[in-house]
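Given next are the chains, with one letter for each unit.
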Amino acid sequence: MPPTTSMAKNLAGKTVLITGASSGIGRSTAFEFARTSPENLKLIITARRVDRLHEIAQQIREEVGNGVKVYAKQLDVSKPEEVTGLVESLPEEFRDIDILVNNAGFMSGVERPPDVPHEVIRDVWATNITGVINMTQAILPIFKKRPDGGKGDIIFLGSIAGREPYAGGTIYCSSKAAVRAFSDALRKELINTRIRVMTVDPGQVLTEFNDIRYRFDHEAADKVYAGCDPLTPDDVAEVIVFTAGRRENVVVADTLMFPSHQASSTHVHRRL
Ligand code: 8X3
């Protein structure tokens, strides 16, 4: 038997719910939790693309074995009615959630005001912030029922875009700034509990994000990271699981992470 790490001990027996788990950071986070606590963990992986979730669930089972129970659940966080009914729709053994990873988020298009399509404003905000708020409200009652005022972790995926808005990013940056304000206020509101509110803000990460932002114009998407060596989804997943895997009294409240050639939204060294 390999030695059990303190992180594996701290995560043992936990139930983790991840949104946006069909690809990118969410998918990597599911694998990273499973690899870090392979003996005794429950994972609820959610996204719109349920076929992908079933594949991921199967891959996790094959890799780590039966110690990790995975439940794949189709969920569009931008639909309030789906979020409201979520907990009741889970099998009983998956309802006692300990860790919520609010990961689902996206951007579509690069239009600037006054030319941003209404559907883009509506859909990006419905997922990136209203969806995050609704998910938090759906899960918090489970945390608050526990002793000491409540216990559980909420990890928000922010972005450098939420700290340092850039030209061409009005809708996306403002949605991520709203996530930041929501999580900062929530941490203060929950000060008399054991509920940990934590944010992870990555800079450049290679995911489907830019393909979706550039509406599958792959050439334009590839240009964004030309000459760069962006973070991988696994890099970000390691930090997410690290924050959740701390001793109960440790709150890694606010993390900013870059690849080594990036120092801000716009200060990037390209090796071209
Ligand atoms: C995405 C990172 O810098 O493209 O969260 O806005 S950025």
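Here the structure is a predicted model, which is why all the values come from computation and not from measurement.

Chemist: Tell me what's going on with unusual backbone geometry, and back it up with residues and numbers.
Modeler: Cis rather than trans, the peptide bond between proline 113 and proline 114 has omega equal to 10°. The topology assignment puts proline 114 in the loop between strand S4 (99-102) and helix H6 (118-144). Of note, arginine 215 is a non-glycine position whose phi angle comes to about 50°, a positive value. Examined against the element boundaries, arginine 215 turns out to sit in the loop between helix H9 (209-213) and helix H10 (218-224). For arginine 215, a relative accessible area of 40% corresponds to the partly exposed category. At phenylalanine 216, a residue that is not glycine, the phi angle is positive and equals roughly 65°. Relative to the helices and strands, phenylalanine 216 is located in the loop between H9 and H10. Relative accessible area serves as the criterion here: at 55%, phenylalanine 216 is assigned to the exposed category.

Chemist: Can you explain the environment of valine 77? Please cite residues and give values.
Modeler: Turning to its location among the elements, valine 77 is positioned in the loop between strand S3 (68-74) and helix H4 (80-84). When the C-alpha atoms of valine 77 and asparagine 134 are compared, they prove to be 7.8 Å apart, with 57 residues separating the residues in sequence. Leave out the neighbours within four places in its chain, and valine 77 touches Thr19, Val83, Ala104, Ala126, Thr127, Gly131 and Met135.

Chemist: Tell me about the packing of aromatic side chains, and name the residues and values.
Modeler: One pass over the full model with this rule turns up three aromatic pairs. Between tyrosine 71 and phenylalanine 94, the ring centres sit 5.5 Å apart and the planes meet at 35°, which makes this aromatic pair tilted. Residue tyrosine 71 is located in strand S3, and its partner phenylalanine 94 is located in the loop between helix H5 (86-89) and S4; the two are separated by 23 residues in the primary sequence. With a centroid separation of 6.0 Å and 75° between ring planes, the pair formed by phenylalanine 156 and phenylalanine 182 is classed as edge-to-face. Linking phenylalanine 156 in strand S5 (residues 151-157) with phenylalanine 182 in helix H8 (residues 170-189), this pair joins segments that are 26 residues apart in sequence. Under the relative-accessibility criterion, phenylalanine 156 is labelled buried at 1%.

Each value, and the rule that gives it
- Residues numbered from 1 in each chain as written.
- Predicted model: local features only at pLDDT ≥ 70, side-chain atom pairs only at ≥ 80, totals over all residues.
- Heavy atoms only, no water.
- Helix = DSSP H or I, 4+ residues; strand = E, 2+ residues; numbered from the N terminus.
- Buried < 20%, exposed > 50% of the residue type's maximum accessible area, 1.4 Å probe, protein only.
- Contact = heavy atoms within 4.5 Å.
- Phe/Tyr/Trp six-rings, centres within 6.5 Å; stacked < 30°, edge-to-face > 60°.

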